[in-house]
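Structural description and commentary
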Amino acid sequence: MLPLAAEEAPASAQGNQLAAAGGLLFLQQSSKQLQAMDATGAELFSLQTSGNIRQLLPLADGSAAVLLQGSGGALFLQYIDAAAEDWGARYLLPQGAERLFTGAAGTALFSGSGSLFACDTAAGTASQLLNWANCDLQPGAVLFLLQQEDGGLLCLQQRDVTSGASLLQLARTASKTPPGKTVLRLGGLLAVSGIREAVLAFNANDSLYQVELVEYTDQAADMHAAILLLHTDIILGQGPDLLLTDLLPLRHYVSAGLLLDLYPFLDAEDGLGREDILPELRAAWEHAGGLYHISPDFSISTLAGPASVWQGLDFNRSNFQRVWQEYAELRQPVANLTASGMLSALLQLELPLYLDWQNGSCSFESQDFIELLQFCARFPLEIDWQSPDYLEDEDMVAAGRSLLAHVSVSDYGSPQLLQALWGAPVTYTGLPLAEAGGNYFHSNNMVAISSQSAHPEGCWRFIRFLLSEEYQLEHAGSFASNREVFAQKQAEAMQMEVEADGTVKPRLRYGAV
């Protein structure tokens with residue numbers, strides 16, 4: 001153990017990261033400052049950065065580096081040149097990188113997009129080492145990871161606070177199916193943590209099938225290349241058994257016969273039927289009379305603003321513009337929402353008015369669509385995220401600089417939190433559609449069955465697992481899609497509790513609410 005000075009660390013450094021490398025100690029003093037000390041704790045030099053230091057990392061060659069977040073959110077592997085007492089080389093990490101680990105000499109490891117990658121800084125390349133879910137690991141549960149000289153990995157993980165930590169040794173082996181199980185491939189452009197947890201839970205509970213996760217963004221340089229890879233697999237008849245439909249053109253897939261209707265499976269199921277999915281949610285998921293994808297949870301995407309401005313208003317695009325004219329001094333009526341952002345949000349609901357996948361027709365030259373583009377063009381083309389005047393969406397409304405914030409209501413505490421933040425009643429208007437205000441259900445966990453799969457019944461077992469009360473009670477990350485679980489969670493949110501002074505208040509509350 002390196003000797004440290006017995007004096008207490010300065011308040012600004014307490015709780016920040018400390019790393020030892022090459023006989024030196026590196027202490028993160030703030031998000032923008034790093035201090036280097038010798039073995040006695042004496043300061044040698046300090047470094048400043050305009051970015052934000054997210055992590056300190058000792059490397060196998062005795063040097064050290066940081067995970068640095070630059071402007072626009074880009075992440076870099078930033079080396080420290082101790083000899084020059086300065087920053088060293090900097091390498092841009094692929095999109096989705098989240099956390100660094102110590103790799104073998106000449107490499108650093110980073111976790112992101114559900115996988116672990118080796119970053120060869122000399123060659124400027126990154127290669128996938130493993131998919132966390134396919135190794136029955138949760139990246140958030142990994143406390144420590146170190147790559148050994150032979151390429152193997154030492155991993156310390158703790159799945160939850162009630163269980164002890166376990167030390168695992170991982171070695172690369174040929175992929176093989178667990179005895180007695182059939183492998184189902186679940187593929188998509190990008191999987192979120194909820195789906196990875198679902199794969200782990202299903203694999204641990206099902207005796208007949210094993211789900212393997214395939215994220216096409218791990219195999220491609222960008223999103224367009226990932227889509228091309230997925231579509232190539234589908235064209236060749238080698239597509240996944242199950243599809244993550246987020247960011248995919250669902251209506252086009254349905255019209256091309258690429259997805260199976262889930263209603264026949266639901267209707268034939270004992271103990272689970274159409275009525276067990278929230279009816280409003282199920283109706284929103286339907287397309288052409290069929291149900292082609294589902295999710296264990298969902299959130300509601302909408303606009304929210306002070307009730308003093310919006311309550312009682314017949315909200316539509318015309319009335320929105322009228323109110324905007326009354327507050328003409330505001331450059332951003334909807335906080336930090338650009339023209340392209342508003343267009344994208346509105347097309348979540350109005351695209352079927354202009355594009356018909358069934359007969360392959362569109363009406364993008366119609367007067368209605370022209371007026372939609374003219375409306376969106378009134379919004380800023382871009383937002384300066386680095387401006388000293390920049391505020392988060394909810395803070396923009398609180399400061400009176402915007403009339404609305406684009407919010408995602410994902411649990412029963414969200415409305416209370418927003419009302420406490422603004423210190424006033426809140427009205428949820430929906431998006432400014434042509435005729436009314438519109439909200440839409442959103443989920444990053446939408447799953448469908450490919451019509452190419454040789455194991456549709458096995459695929460249904462996975463989807464049924466996602467819809468079950470048992471799974472959603474424990475794992476639903478936002479509002480549950482199962483009607484019984486939704487009602488149970490709603491009842492829990494409505495419970496009251498008695499304070500020490502006898503005051504009765506809602507269990508879920510924030511601030512003065």
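See the structure above.
To keep things clear, this report deals only with the structure shown in the data block. Keep in mind it's a predicted model, so treat the numbers as computed, not measured.

Reading the values: the criteria
- Residues numbered from 1 in each chain as written.
- Predicted model: local features only at pLDDT ≥ 70, side-chain atom pairs only at ≥ 80, totals over all residues.
- Heavy atoms only, no water.
- Helix = DSSP H or I, 4+ residues; strand = E, 2+ residues; numbered from the N terminus.
- Buried < 20%, exposed > 50% of the residue type's maximum accessible area, 1.4 Å probe, protein only.
- Lys, Arg positive; Asp, Glu negative; His and termini not counted.
- Charge placed at Lys NZ, Arg CZ, Asp CG, Glu CD.
- Pairing = 2+ DSSP bridges.
- Axes fitted to C-alpha atoms, helices over the stretch in contact; angles between N-to-C directions.
- Polar contact = N/O pair within 3.5 Å; in protein donor to acceptor, adjacent residues only side chain to side chain.
- Contact = heavy atoms within 4.5 Å.
- Arc of directions from axis to C-beta.
- Core = buried A, V, L, I, M, F, W, Y, C linked by side-chain atoms within 4.5 Å.
- Phe/Tyr/Trp six-rings, centres within 6.5 Å; stacked < 30°, edge-to-face > 60°.
- Lys NZ or Arg CZ within 6 Å of the ring centre and 35° of its normal.
- Salt bridge = Lys/Arg side-chain N within 4 Å of Asp/Glu carboxyl O.

Let's talk about the overall build of the protein chain
Secondary structure summary: the protein chain contains 14 helices and 32 strands in total. Across its three principal axes, the protein chain shows a C-alpha extent of roughly 70 × 65 × 60 Å. Expressed as a percentage of the 513 residues in the protein chain, the buried residues total 43%. Where the 25 positive side-chain charges of the protein chain centre and where its 58 negative ones centre are 3 Å apart.

A short note on the sheet that holds strand E2 (residues 24-30)
In space, the four strands of this open sheet follow the order E1-E2-E3-E4, with antiparallel pairing throughout. The sheet is open, and its two edges are formed by strand E1 (18-21) and strand E4 (43-48), each paired on a single side. Sheet twist, expressed as the mean angle between neighbouring strand axes with direction ignored, is 25 degrees.

Notes on the pairing of strand E7 (residues 75-81)
Among the seven residues that make up E7, six are buried, leaving the element largely enclosed by the rest of the structure. Of the pairings in the sheet, the one linking strand E6 (residues 64-69) to E7 comprises six bridges and is antiparallel in character. Following the sheet pairing, Ala 64 is matched in E7 by Ile 80. Taking the residues that link successive antiparallel strands as the turn, the E7-strand E8 (residues 86-92) hairpin has four residues, and the phi of Glu 85 there is positive, at about 50 degrees.

Considering the side chain of Gln 472
Tracing the sequence through the fold places Gln 472 in helix H13 (residues 469-475). Looking at Gln 472, its side chain comes within polar contact range of the main-chain oxygen of Leu 466, at 3.1 Å. Not counting the four nearest positions on each side in its chain, Gln 472 is found in contact with Pro 296, Leu 466, Leu 467, Ala 480, Ser 481, Asn 482 and Val 485.

Details of helix H7 (residues 317-326)
Residues of H7 that are buried include every one of Arg 317, Asn 319, Phe 320, Val 323 and Trp 324, and no others. Taken down its axis, H7 places every buried residue within 165 degrees of arc, on the same side. Away from the buried face of H7 by more than 90 degrees, exposed residues Gln 325 and Glu 326 are located. Residues of H7 that are buried make contact with helix H6 (307-310), helix H8 (339-354), helix H9 (367-376) and strand E26 (431-432). Put simply, Asn 316 is the residue that caps the front of H7, since its side-chain oxygen is 3.2 Å from the backbone nitrogen of Ser 318.

Side note on the nonpolar core
Counting residues in hydrophobic clusters, the biggest one holds 47 residues, and the most contacted among them are Leu 186, Leu 242, Val 447, Phe 462 and Ile 463. Considering each element in turn, this core owes the most residues, seven residues, to helix H12 (residues 456-467). Filtering out sequence-adjacent residues up to four positions away, Phe 462 remains in contact with Leu 186, Ala 198, Val 199, Phe 202, Val 211, Leu 242 and Val 447. Residues Val 323, Ala 345, Leu 347 and Leu 433 belong to the second largest nonpolar core, which totals 25 residues.

Things to note about the packing of aromatic side chains
Here the structure, examined in full by the defined rule, presents 23 aromatic pairs. Ring geometry for Phe 320 versus Phe 379: centroids 6.3 Å apart, planes at 10 degrees, classification stacked. Highlighted residues: Phe 320 in helix H7 and Phe 379 in the loop between H9 and helix H10 (393-398), separated in sequence by 59 residues. One aromatic cluster is present, built from ring pairs that chain together Trp 310, Phe 315, Phe 320, Trp 324, Phe 375 and Phe 379. Across the ring face of Trp 324, the terminal group of Arg 378 is positioned such that the distance to the ring centre comes to 4.0 Å.

Regarding the sheet that holds strand E5 (residues 52-58)
Read across the sheet, four strands follow the order E5-E6-E7-E8 without closing on themselves; strand pairing throughout is antiparallel. Looking at which strands have only one partner, the edges of the open sheet turn out to be E5 and E8. Averaged over all neighbouring strand pairs, the angle between strand axes comes to 30 degrees, with direction disregarded.

Section: the environment of Ala 64
As for its placement among the helices and strands, Ala 64 is situated in strand E6. Separated by 340 residues in sequence, Ala 64 and Leu 404 place their C-alpha atoms 45 Å apart.

Remarks on unusual backbone geometry
Backbone phi values are negative for most residues with the exception of glycine, while trans is the configuration of most peptide bonds. Despite not being glycine, Glu 85 shows a phi value in the positive range, around 50 degrees. By the element assignment, Glu 85 lies in the loop between E7 and E8. One non-glycine residue, Asn 336, lies in positive phi territory at about 55 degrees. With respect to the helices and strands, the residue Asn 336 is situated in the loop between H7 and H8.

As for the side chain of Thr 217
Note that Thr 217 resides in the loop between strand E17 (209-215) and helix H2 (223-235). Classification of Thr 217 by relative accessible area gives buried; the value is 18%. A polar atom in the side chain of Thr 217 sits 2.7 Å from the backbone oxygen of Leu 189. Ignoring sequence-local partners within four residues, the contact set of Thr 217 consists of Leu 189, Leu 190, Met 223 and Ala 226.

Structural notes on the environment of Ala 288
Here Ala 288 is to be found in the loop between strand E19 (286-287) and strand E20 (290-291). Each C-alpha atom, one on Ala 288 and one on Ser 255, is 9.0 Å from the other, the two residues being 33 residues apart in sequence.

Quick word on the pattern of salt bridges
Evaluated as defined, the whole model comprises seven salt bridges. Taking the shortest distance from any N to any O, the salt bridge between Glu 269 and Arg 464 comes out at 2.6 Å. Of this pair, Glu 269 sits in the loop between helix H4 (263-268) and helix H5 (279-285) while Arg 464 sits in helix H12; the two residues are 195 residues apart in sequence, bridging distant segments of the chain. Residue classification places Glu 269 among the partly exposed residues on the basis of a relative accessible area of 24%. Look at Arg 464 and you get partly exposed, because its relative accessible area is 26%.

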